Amino acid sequence: MYVVKSPLSDANLKTVSEALQGALVDLVDLALVAKQIHWNVVGPRFRSVHLQLDEVVDTARTHSDTVAERASALGVPPDGRAATVAVGSGIGVTPEGWVDDTAAVQALVDALGALIARMRERIAATGEPDPVTQDIFIQVTADLEKQRWMFQAANG
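Reading the values: rules and limits
- Residues numbered from 1 in each chain as written.
- Predicted model: local features only at pLDDT ≥ 70, side-chain atom pairs only at ≥ 80, totals over all residues.
- Heavy atoms only, no water.
- 1 Å grid on protein atoms, 1.4 Å probe; cavity = no way out; pocket = protein on both sides within 12 Å on 5 of 7 lines; lining within 4 Å.
- Points joined across faces, edges and corners; volume = space filled by probe spheres on them.
- Helix = DSSP H or I, 4+ residues; strand = E, 2+ residues; numbered from the N terminus.
- Nonpolar A, V, L, I, M, F, W, Y, C, P; charged D, E, K, R; others polar.
- Expected span 1.5 Å × (residues − 1).
- Buried < 20%, exposed > 50% of the residue type's maximum accessible area, 1.4 Å probe, protein only.
- Contact = heavy atoms within 4.5 Å.
- UniProt positions renumbered as here; feature names shortened; annotations may be inferred.
- Axes fitted to C-alpha atoms, helices over the stretch in contact; angles between N-to-C directions.
- Parallel < 35°, antiparallel > 145°, perpendicular 65-115°, else oblique.
- Left-handed = near helix turned anticlockwise from the far one by under 90°.
- Salt bridge = Lys/Arg side-chain N within 4 Å of Asp/Glu carboxyl O.

S.K.: So what exactly am I meant to see when it comes to empty space enclosed by the protein here?
M.R.: One simple way to see leftover space: roll a probe sized like a water molecule over the atoms. Across all of its chains, the model carries 1 cavity of 30 Å³ or more by this definition. Quantified by volume, the largest cavity comes out at close to 30 Å³. Elements represented by at least two residues in the lining of the largest cavity include exactly helix H1 (10-40) and helix H2 (46-73). When residues in the lining of the largest cavity are grouped by element, the largest group, 4 residues, is from H1. Across the lining of the largest cavity, the residue classes break down as 8 nonpolar, 2 polar and no charged.

S.K.: Just to check I follow, could you spell out helix H5 (residues 131-155) for this structure?
M.R.: Taking 1.5 Å as the rise per residue, H5 with 25 residues should run 36 Å; its terminal C-alpha atoms sit 36 Å apart, in good agreement. Listed in full, the buried residues belonging to H5 are Thr 133, Gln 134, Ile 136, Phe 137, Val 140, Thr 141, Leu 144, Gln 147 and Phe 151. Tucked inside the fold, the buried residues of H5 contact H1, H2 and helix H4 (101-126). In the stretch just after H5, Gly 156 is the one whose phi turns positive, near 60°.

S.K.: Could you clarify how one ought to interpret H2 in this entry?
M.R.: Each α-helix winds once per 3.6 residues, and so residues spaced three or four apart point in a common direction. Across its 28 residues, H2 extends 41 Å between first and last C-alpha, which sits within 8% of the 40 Å expected from 1.5 Å per residue. After H2 finishes, the residue Gly 75 shows a positive phi value of roughly 85°.

S.K.: I would appreciate a short explanation of the UniProt feature "domain: Ferritin/DPS" (unreviewed entry) in the protein in the present structure.
M.R.: Look at the UniProt record and you will see "domain: Ferritin/DPS" (unreviewed entry) annotated at residues 18-153. Secondary structure within residues 18-153 divides into 79% helix and 3% strand; the distance between the first and last C-alpha atoms comes to 33 Å.

S.K.: Before we go on, may I ask you to explain the packing of H2 against H4 in this structure?
M.R.: Between two packed helices, both the angle of their axes relative to each other and the distance between the axes serve to describe the pair. Close contact between H2 and H4 brings their axes to 10 Å; oriented N to C, the two are set at 20°. Regarding the angle of H2 to H4, the classification is roughly parallel. When the axes of H2 and H4 are compared, the crossing they make is left-handed. Seen from H2, the contacting residues are Phe 46, Val 49, Leu 53 and Val 56; seen from H4, they are Asp 101, Ala 104, Val 105 and Leu 108. Per-class residue counts for the contact of H2 with H4 are 7 nonpolar, no polar and 1 charged.

S.K.: So what exactly am I meant to see when it comes to the packing of H4 against H5 here?
M.R.: The contact between H4 and H5 brings their axes to 8 Å, and the two run at 160°. With respect to their mutual orientation, H4 and H5 come out roughly antiparallel. Where H4 crosses over H5, the handedness of that crossing is left-handed. Residue classes in the contact of H4 with H5 are distributed as 15 nonpolar, 10 polar and 4 charged.

S.K.: What am I meant to see in the pattern of salt bridges here?
M.R.: When charged atoms on two side chains of opposite charge get close, those side chains can pair. Tallying each qualifying case throughout the model produces 8 salt bridges. Between Arg 118 and Asp 26 there is a salt bridge, with the nearest N and O atoms lying 2.7 Å from each other. Remark: Asp 26 occurs in helix H1 and Arg 118 occurs in helix H4; sequence separation between them is 92 residues. For Arg 118, a relative accessible area of 26% translates into the label partly exposed. Notably, a salt bridge pairs Asp 130 with Arg 70, separated by 2.9 Å at the nearest N-O pair. With Asp 130 in the loop between H4 and H5 and Arg 70 in helix H2, the pair connects residues that are 60 residues apart, well separated along the chain. In terms of burial, Asp 130 and Arg 70 fall into one category: buried. Several salt bridges converge on common partners, so that one network encompasses Asp 26, Arg 118 and Arg 122.

Quick look at the structure:
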C-alpha cells in the first residue's frame with residue numbers, strides 16, 4: 001500500500017493533523033446541523049432562513065473537502081465517519097422537531113460561534129508548523145464569520 005509522506009516533521013505533523021481532523025469533524029457536523037434545521041424550520045421567515053441554511057451547508061461541505069484533502073496531502077487519512085463526528089464536534093445539541101425561524105437563526109449563530117472559536121485556535125496552532133494549513137483555516141474562518149454575521153443580522 002502506498003503511503004503519502006509529509007514534508008513536515010513528526011511533531012509539526014501531529015499538531016497540524018489534529019487541527020485538520022478537528023476542523024473536518026466540525027465542518028461535517030455543521031453541514032448536518034444546518035441541513036437538519038433547514039428541513040424543520042417554520043415561521044414567517046421560513047423561505048429566507050431555509051435558503052440561507054443551504055448556503056451554510058454548501059460552505060461547510062466545500063471547506064470540509066478542502067480540509068480533508070489537505071490532510072491527505074500531508075499523509076494523514078481524514079476521518080469524516082458519523083461516529084467520529086458525533087464524538088468530536090464542537091457544536092452543541094441541535095433542536096429536535098420543528099424549529100421556529102428565530103430559534104433556527106439563533107441555533108446557527110451559536111453553532112457558528114462555537115466553530116469560529118475552535119477555528120481561531122487552529123489558526124494560532126498551525127501558524128508556525130504549517131502556514132499552508134493555517135491559510136486554509138483563515139479562509140474557512142472568514143467564511144464562517146460571514147455566515148454568522150448574516151444570521152446575527154437576521155435576528156437583529
